[in-house]
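Given next are the chains, with one letter for each unit.
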Amino acid sequence: MNITIREGEEFIRLGQALKKAGIVGSGSDAKTLIWNGEVSVNGEIEERRGRKLYPGDKVSFEEETFQITK
């Protein structure tokens, strides 16, 4: 699955990407998953909901992985 950054923007924040991917329904749900160390970016656990994701970054949660595209 790919998550596309909006036209005119350089990045998407991790919490927004999780919502766009349908993994969570709200920012507070995203915050919980991230703070619990359940989300990784490019193979490393990420604990910052505001982490900027750029094209090519890969986000994983459980068995699901998606890539950020422009």
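A brief look at the structure comes next. Just so you know, these numbers come straight off a predicted model, no measurement behind them.

## A few points about the overall build of the protein
The number of helices and strands found in the protein is 2 helices and 7 strands. Ordered by position from N to C terminus, the α and β elements of the protein give β-β-α-α-β-β-β-β-β. Radius of gyration (C-alpha) of the protein: 11 Å, near the 11 Å computed for a compact globule of 70 residues. For the C-alpha atoms alone, the extent of the protein along its principal axes is close to 30 × 20 × 20 Å. The buried share of the protein, taken over its 70 residues, is 33%. Counting every atom, the protein has about 4,400 Å² of accessible surface; 42% of that belongs to carbon and sulfur.

## Topic: a negative patch on the surface
Together, Glu-38, Glu-62, Glu-63 and Glu-64 give the surface a local cluster of negative charge. Considering the arrangement of structural elements, one finds Glu-64 in strand S7 (residues 64-69).

## A short note on the pattern of salt bridges
What the rule picks out here adds up to 2 salt bridges. Residue Glu-46 is joined to Arg-48 by a salt bridge in which the shortest nitrogen-to-oxygen separation is 2.7 Å. With a relative accessible area of 6%, Glu-46 lands in the buried category.

Thresholds, definitions, all that
Residues numbered from 1 in each chain as written. Predicted model: local features only at pLDDT ≥ 70, side-chain atom pairs only at ≥ 80, totals over all residues. Heavy atoms only, no water. Helix = DSSP H or I, 4+ residues; strand = E, 2+ residues; numbered from the N terminus. Rg over C-alpha atoms; globule rule 2.2 N^0.38 Å. Buried < 20%, exposed > 50% of the residue type's maximum accessible area, 1.4 Å probe, protein only. Areas by Shrake-Rupley, 256 points an atom, 1.4 Å probe, with all protein chains shown as cover. Patch = residues over 30% accessible without salt bridge, like charges linked within 9 Å, V, L, I, M, F, W, Y side chains within 5 Å. Salt bridge = Lys/Arg side-chain N within 4 Å of Asp/Glu carboxyl O. Lys, Arg positive; Asp, Glu negative; His and termini not counted. Charge placed at Lys NZ, Arg CZ, Asp CG, Glu CD.

All we've got here are geometric facts, nothing functional implied.
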